[in-house]
Amino acid sequence: MQNFDYYNPTHIVFGQDRLAELNTLVPENTKVMVLFGGGSVKRNGVLDKVLASLGEREVVQFGGIEPNPQFTTLMKAAELARTEKVNFLLAVGGGSVMDGTKFVALAAKKENDEHTLLHHGFAPVPMTEALPLACVATLPATGSEMNMGAVITMNDQKYPVMSPLTFPKFSFLDPDFTLSLPKEQIANGVADSFIHVVEQYLTYPVNAKVQDRISEGILKTLIEEGPKTFNDNNDIEARKNFMWSATNALNGLTGAGVPQDWSTHMIGHEMTAMYGIAHGRTLAIILPSLLRERTEQKRAKLLQFAERVWDIAEGSDDQKIALAIDKTEAFFNGLEIVTKLSHYNIDEAGIDTLVNNMEKMGLTALSESGDLTLDIVRKILLAAL
Ligand code: NZQ
Ligand code: ZN
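If you're wondering where the values come from, they're calculated on a predicted model, not measured in any experiment.

Cut-offs applied
- Residues numbered from 1 in each chain as written.
- Chains lettered and ligands numbered in written order.
- Predicted model: local features only at pLDDT ≥ 70, side-chain atom pairs only at ≥ 80, totals over all residues.
- Heavy atoms only, no water.
- Salt bridge = Lys/Arg side-chain N within 4 Å of Asp/Glu carboxyl O.
- Helix = DSSP H or I, 4+ residues; strand = E, 2+ residues; numbered from the N terminus.
- Buried < 20%, exposed > 50% of the residue type's maximum accessible area, 1.4 Å probe, protein only.
- Axes fitted to C-alpha atoms, helices over the stretch in contact; angles between N-to-C directions.
- Parallel < 35°, antiparallel > 145°, perpendicular 65-115°, else oblique.
- Left-handed = near helix turned anticlockwise from the far one by under 90°.
- Contact = heavy atoms within 4.5 Å.
- Nonpolar A, V, L, I, M, F, W, Y, C, P; charged D, E, K, R; others polar.
- Donors = N, O, S within 2.8 Å, 3.2 Å for Na, K, Ca; no water.
- Phe/Tyr/Trp six-rings, centres within 6.5 Å; stacked < 30°, edge-to-face > 60°.
- Near = heavy atom within 4 Å.
- Polar contact = N/O pair within 3.5 Å; in protein donor to acceptor, adjacent residues only side chain to side chain.
- Areas by Shrake-Rupley, 256 points an atom, 1.4 Å probe, with all protein chains shown as cover.
- Domains from an automatic or database assignment.
- Pairing = 2+ DSSP bridges.

Asker: Quick question: what am I supposed to make of the pattern of salt bridges here?
Answerer: Note that side chains of opposite charge can pair when their charged atoms are close. Summed over all chains, the structure comprises 22 salt bridges. The closest approach of N and O atoms between Asp311 and Lys220, which form a salt bridge, is 2.8 Å. Taken together, the positions of Asp311 in the loop between α12 (299-309) and α13 (317-334) and Lys220 in helix α8 (residues 209-231) put the pair 91 residues apart, joining distant regions of the chain. Across the pair Glu368 and Lys298 runs a salt bridge, and its minimum N-O distance is 3.1 Å. Here Lys298 lies in the loop between α11 (279-293) and α12 and Glu368 lies in the loop between α14 (348-360) and α15 (374-383), a separation of 70 residues in the sequence. Each member of the pair Glu368 and Lys298 is classed as buried. Each of Arg292, Asp326, Glu329 and Lys340 takes part in salt bridges that share partners, so that together they form one network.

Asker: How should I be thinking about the packing of helix α10 (residues 263-275) against α14 in this particular structure?
Answerer: How two helices pack is summed up by the angle between their axes together with the distance between the axes. Contact pair α10 / α14: the axes reach a minimum separation of 10 Å and the direction vectors enclose 115°. Between α10 and α14, the interaxial angle falls into the category roughly perpendicular. In the packing of α10 onto α14, the handedness of the crossing is right-handed. Between α10 and α14, the residues in contact are Met266, Ile267, Glu270, Met271, Met274 and Tyr275 and Gly350, Ile351, Thr353, Leu354, Asn357 and Met358, respectively. Residues belonging to the contact of α10 with α14 are distributed by class as follows: 8 nonpolar, 3 polar and 1 charged.

Asker: Would you mind going over unusual backbone geometry with me for this structure?
Answerer: Residue Asn29 is not a glycine yet carries a positive backbone phi of 55°. Looking at the secondary structure, you find Asn29 in the loop between α1 (22-25) and β2 (32-36). The phi dihedral of Asn155 is positive, around 45°, even though this residue is not glycine. For Asn155, the position within the fold is in the loop between β6 (149-154) and β7 (157-162). With a relative accessible area of 66%, Asn155 lands in the exposed category.

Asker: Please explain the coordination of the zinc ion (ligand 2) as it appears in this structure.
Answerer: Note on metal sites: the ideal angle is 109.5 degrees for four tetrahedral donors, and 90 or 180 degrees for six octahedral donors. At the metal site, the zinc ion (ligand 2) is ligated by Asp192 (OD), His196 (NE2), His265 (NE2) and His279 (NE2), and these contacts range over 2.0 to 2.1 Å. Mapped onto the polypeptide sequence, the residues donating to the zinc ion (ligand 2) form the spacing pattern D-x3-H-x68-H-x13-H. Pair noted here: Asp192 is in helix α7 (residues 183-201) and His265 is in helix α10, with a separation of 73 residues, a long-range link. Residue classification places His265 among the buried residues on the basis of a relative accessible area of 5%.

Asker: Explain the packing of aromatic side chains here, please?
Answerer: Given two aromatic rings, their pairing is described by the distance between the two centres and the angle made by the two planes. Under the defined criterion, the tally for this structure stands at 11 aromatic pairs. Between Phe194 and Phe305, the aromatic rings sit 6.5 Å apart at their centres with planes inclined by 70°, giving edge-to-face as the arrangement. Residue Phe194 is found in helix α7, and its partner Phe305 is found in helix α12; the two are separated by 111 residues along the sequence. Grouping residues by exposure puts Phe194 and Phe305 together as buried. Measuring from ring centre to ring centre gives 5.8 Å for Phe194 and Phe332, while their planes differ by 90°; the resulting arrangement is edge-to-face.

Asker: It is not clear to me how the site of ligand 1 should be interpreted in this structure. Could you clarify?
Answerer: Taken together, 33 residues surround ligand 1, and among them Ser40, Gly95, Ser96, Asp99 and Lys158 come closest. For ligand 1, an oxygen atom lies 2.5 Å from a polar atom in the side chain of Ser96. Asp99 has a polar side-chain atom sitting 2.7 Å from a nitrogen atom of ligand 1. In the complex, 89% of the free accessible area of ligand 1, which totals 970 Å², lies under the protein chains. Residues from two domains meet in the shell around ligand 1; each of domain 1 (11-177) and domain 2 (183-383) gives at least three.

Asker: How should the packing of α7 against α8 be read in this particular structure?
Answerer: Relative to each other, α7 and α8 sit at 170°, their axes nearing to 10 Å. Accordingly, the angle class assigned to the pair α7 and α8 is roughly antiparallel. Contacts from Lys183, Ile186, Ala187, Val190, Ser193, Phe194, Val197, Val198 and Tyr201 of α7 reach α8 at Asp212, Ser215, Glu216, Ile218, Leu219, Leu222, Ile223, Gly226, Thr229, Phe230 and Asn231. Of the residues that constitute the contact of α7 with α8, the class distribution is 12 nonpolar, 5 polar and 3 charged.

Asker: Would you take a moment to explain the environment of Asn68 for this structure?
Answerer: Along the chain, Asn68 falls in the loop between β3 (59-62) and α4 (71-83). For Asn68 and Ala273, which are 205 residues apart along the polypeptide, the C-alpha to C-alpha distance reads 8.4 Å. Other than its neighbours up to four places away in sequence, Asn68 contacts Ser96, Thr153, Lys158 and Thr272. Separated by 2.8 Å, the side chains of Asn68 and Lys158 make a polar contact.

Asker: Got a minute to help me understand the sheet that holds strand β4 (residues 88-93) in this structure?
Answerer: Picture the strands of a sheet paired through backbone hydrogen bonds; they go either parallel or antiparallel. An order of β1-β8-β5-β4-β2-β3 is seen for the 6 strands of this open sheet, with the pairing classed as parallel. Lying at the two open borders of the sheet, with one neighbouring strand each, are β1 (11-14) and β3. Direction aside, neighbouring strands of the sheet carry axes that sit 15° apart on average. Alignment of strand β5 (residues 133-137) against strand β8 (residues 170-173), held across 3 bridges, turns out to be parallel. Within β8, the position partnered with Val136 by the bridge is Phe172.

Here's what the structure looks like:
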């Protein structure tokens, strides 16, 4: 196992009918900015419940944060936070709203400064203060409710923004708040969570037994509970397990002390930015093809994945690995995610443009060992046509 620091200060408030506790968790005498997206939380009543739970506090609302939140929109929210002198931010929504709120927490302290805020990759943003924030999560997928990351879009490019200052102080995870999600968003969330675990697990062995077994537990849970949640809106017990899986998939625990490979995410982000395909869906298209291409580099962990996650006991190592990748793809297809680029009207020319954009973004040496070059990315995408 590699050396690591593990720090996660977010208080999780998990379960149904707990929103009244918001009143005790948000500090008294604060002016709160409630941030939300395109209106789902108005339609499903969650916003009204949040406002009621905030009691007598002064509240400023900022709606309209887009899926794949836009820099310009968030800078307007930051400006409003400054002029209104708010001192607490509350995100009510999915990953885009939670990410956007994290960005606003930083931007509110730094006027119009794109360079300080956006261009640091996975290194922390060099800032020493941010507004405190918390979340009411409505979409299990990104893990944003319990991590310090955000992904912000500017000029059709996606930028990671990391800061320990943006860990939510607390996050409400109420499965009832996710009941209004369209089926395809459940599918996207299952795929996104599954692939968060995979990108921290399917690299090479470092004898990190706790991380491996937690990862395998989350993957198995998603395989069991994801389809149940997808197929039956009334299965609240399955939904609870799916929701908690999604949070644990990217809260730093499985990734501590192990090599990581975020190639699928980096390629997927480009695909979302260029073609507007939802985040989780891009990952499900890329991952099976990437695993087939990278079987040699990932052989030992792929075999472990086959035996421990998919319970494949028969056959040669090669057969087990091939079957595990096929089962993974079939799992996504079973959630009605088509894993072929042609379905999304992306052809060979589209792949070339995507690869060129990755080059412009400096994404030229991906993977757990930095050996995944753009010609390999092209090969992976061609195999997914
Ligand atoms: O905008 P509203 O009206 O709220 O509708 C949203 C949006 O259209 C809707 N929705 C959310 N909760 C709902 C609901 N509709 C009905 N009922 C509910 N309860 O769902 C749509 C998608 O929402 P979005 O927040 O965009 O989805 P998701 O949670 O998948 O977040 C995706 C964003 O997170 C980033 C992605 O890049 C993308 O920008 N990521 C953030 C990460 C992180 N912070 O750690 C890691 C991820 O890998 C990911 O990159
Ligand atoms: Zn993701």
